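Observations on the three-dimensional arrangement
One letter stands for each residue in the lines below.
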Amino acid sequence: MNSLCILVTRPDPGGEELCEQLQAQGDVALHFPTIVFVPPDDEAAFAESVSLVGDQDWLLFVSPQAVRASVPAIRRAWPVMPESVRFAAIGAGTAKALEEAGYNVAVTPDTEWSAEGLLDSPAFQEIEGQRVAVVRGEGGREILETILAERDAEVVSMIAYQRAKPKVDIKPYLILLKDDKIDLIVCTSFEGVVNLQELIGEAGWPMLKTVPLLVVSDRIKALARELGFQTIWVASNASHAAILKVIALKRKELCQTK
């Protein structure tokens, strides 16, 4: 099998895990996380929302990071979770994080791991009068809150973290781009794509935009296309398995261009 040099922008811990899987199959994986997670600006508001957790009918988690950032506070405030509180996850990775934290997950979309997929679940079709807390990051999409409110649920946002652009030395990556050494870039969020473009800067953009970009939704693909990326492939979801499947399918094509 021909080896590829793959730039992985997924933040930790998922980014390191994906790099390990790529290296195990003989590829060169470069971990260049383009997002870091920090506490929200309004930590008092988050603490207040945690105090309401036991009164909710549903806790909806939008990402594994939403679980990691909120569970310690939730567990301190609610060491015994009321049985009336049900948990929902936007995808399998988020569900796994919740289960590893000791919570049972009542609803996860089968195929479309997105806010839209979760909203299509039967549990959230007739939700009038139910109390729902959406656990997410600051500045994230508000589609869950908007649609659930339109369906007459009582919705509260739990802002558990915010994303930030890391400070990194980009010189090594500019050299690799200039020497045409990077075969593929993996990005798992649109903000990660934007930060990648901004971090590389104008000097590297003419080279960066020509490298095939692998993303995890059609929405991210459309937005990346607007930025100017030329070749964009889409995995069926954000799991490592789905990403590795696309790489396997595109390996021959990528190797022919080396």
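The structure we're discussing is the one just above.
Since the model is a prediction, treat every value here as computed from it, not as a measurement.

With 14 residues, helix 3 (residues 64–77) should reach 20 Å at 1.5 Å per residue; the first-to-last C-alpha distance of 20 Å fits that figure. A bend of about 45 degrees at serine 70 is the largest found in helix 3, and the proline proline 72 appears one to four places after it. Buried residues in helix 3 make contact with strand 3 (36–38), helix 2 (43–50), strand 4 (58–61), helix 4 (92–100), strand 6 (131–138) and strand 7 (154–164).

Before going further, it helps to spend a moment on the pattern of salt bridges. With the rule as written, the count across this model stands at 7 salt bridges. Here aspartate 27 makes a salt bridge to arginine 251, at a shortest N to O gap of 2.8 Å. Residue aspartate 27 is found in the loop between helix 1 (14–24) and strand 2 (28–31), and its partner arginine 251 is found in helix 10 (residues 240–256); the two are separated by 224 residues along the sequence. Since its relative accessible area comes to 4%, aspartate 27 is described here as buried. Through salt bridges with shared partners, a single ionic network connects Arg136, Glu142 and Glu145.

The 5 strands are arranged 2-1-8-9-10 in an open sheet whose pairing can be described as parallel. Each having just a single partner strand, strand 2 and strand 10 (232–234) make up the two edges of the open sheet. The mean inter-strand angle of the sheet, taken between neighbouring strand axes irrespective of direction, is 25 degrees. Both strand 9 (residues 213–215) and strand 10 contribute to a ladder of 3 bridges, which runs parallel. What sits directly across from leucine 214, in strand 10, is tryptophan 233. Across the sheet, helix 10 touches strand 1 (5–8), strand 8 (184–186), strand 9 and strand 10, and the angle it forms with strand 10 is around 140 degrees.

For the rest of this paragraph, the subject is the sheet that holds strand 6. Taken in spatial order, the 5 strands of this open sheet run 3-7-6-4-5, and their pairing is mixed. Here the strands that pair on one side only, and so sit at the sheet edges, are strand 3 and strand 5 (86–89). If you compare each strand with its neighbour and ignore which way they point, the axes differ by 30 degrees on average. Where strand 4 and strand 5 come together, 4 bridges link them in parallel fashion. Residue pairing across strands places phenylalanine 61 opposite alanine 89, the latter belonging to strand 5. Lying over the sheet, helix 3 contacts strand 3, strand 4, strand 6 and strand 7, oriented at roughly 110 degrees with respect to strand 7.

Between helix 8 (residues 190–208) and helix 9 (residues 218–227), the least distance of the axes is 11 Å, while the angle of their chain directions is 20 degrees. Taken together, the axes of helix 8 and helix 9 are roughly parallel relative to one another. Note that helix 8 runs across helix 9; the crossing there is right-handed. On the side of helix 8, the interface is formed by Phe190, Val193, Val194, Gln197 and Trp205, while helix 9 contributes Ile220, Leu223, Ala224 and Leu227. Considered class by class, the residues forming the contact of helix 8 with helix 9 number 8 nonpolar, 1 polar and no charged.

It is worth spelling out the layout of surface pockets at this point. To find the voids left in a structure, one rolls a probe of water-molecule size over its atoms. Looking at the second largest pocket, its volume works out to about 280 Å³. As for the second largest pocket, its lining consists of 17 residues, and the residues nearest its centre are Asp180, Ile182, Asp183, Leu254 and Thr257. Looking at side-chain class alone, the lining of the second largest pocket contains 8 nonpolar, 4 polar and 5 charged residues.

So, about unusual backbone geometry. For the peptide bond that leads from aspartate 12 to proline 13, omega is 0 degrees, which places it in the cis range. Structurally, the position occupied by proline 13 is in the loop between strand 1 and helix 1. Of note in the backbone geometry, aspartate 152 takes a positive phi value of approximately 70 degrees without being a glycine. Topologically, aspartate 152 is positioned in the loop between helix 6 (143–150) and strand 7. Classification of aspartate 152 by relative accessible area gives partly exposed; the value is 47%.

What counts, and at which threshold
- Residues numbered from 1 in each chain as written.
- Predicted model: local features only at pLDDT ≥ 70, side-chain atom pairs only at ≥ 80, totals over all residues.
- Heavy atoms only, no water.
- Helix = DSSP H or I, 4+ residues; strand = E, 2+ residues; numbered from the N terminus.
- Expected span 1.5 Å × (residues − 1).
- Bend = angle between axes of the 7 residues up to and from the residue.
- Contact = heavy atoms within 4.5 Å.
- Salt bridge = Lys/Arg side-chain N within 4 Å of Asp/Glu carboxyl O.
- Buried < 20%, exposed > 50% of the residue type's maximum accessible area, 1.4 Å probe, protein only.
- Pairing = 2+ DSSP bridges.
- Axes fitted to C-alpha atoms, helices over the stretch in contact; angles between N-to-C directions.
- Parallel < 35°, antiparallel > 145°, perpendicular 65-115°, else oblique.
- Left-handed = near helix turned anticlockwise from the far one by under 90°.
- Nonpolar A, V, L, I, M, F, W, Y, C, P; charged D, E, K, R; others polar.
- 1 Å grid on protein atoms, 1.4 Å probe; cavity = no way out; pocket = protein on both sides within 12 Å on 5 of 7 lines; lining within 4 Å.
- Points joined across faces, edges and corners; volume = space filled by probe spheres on them.

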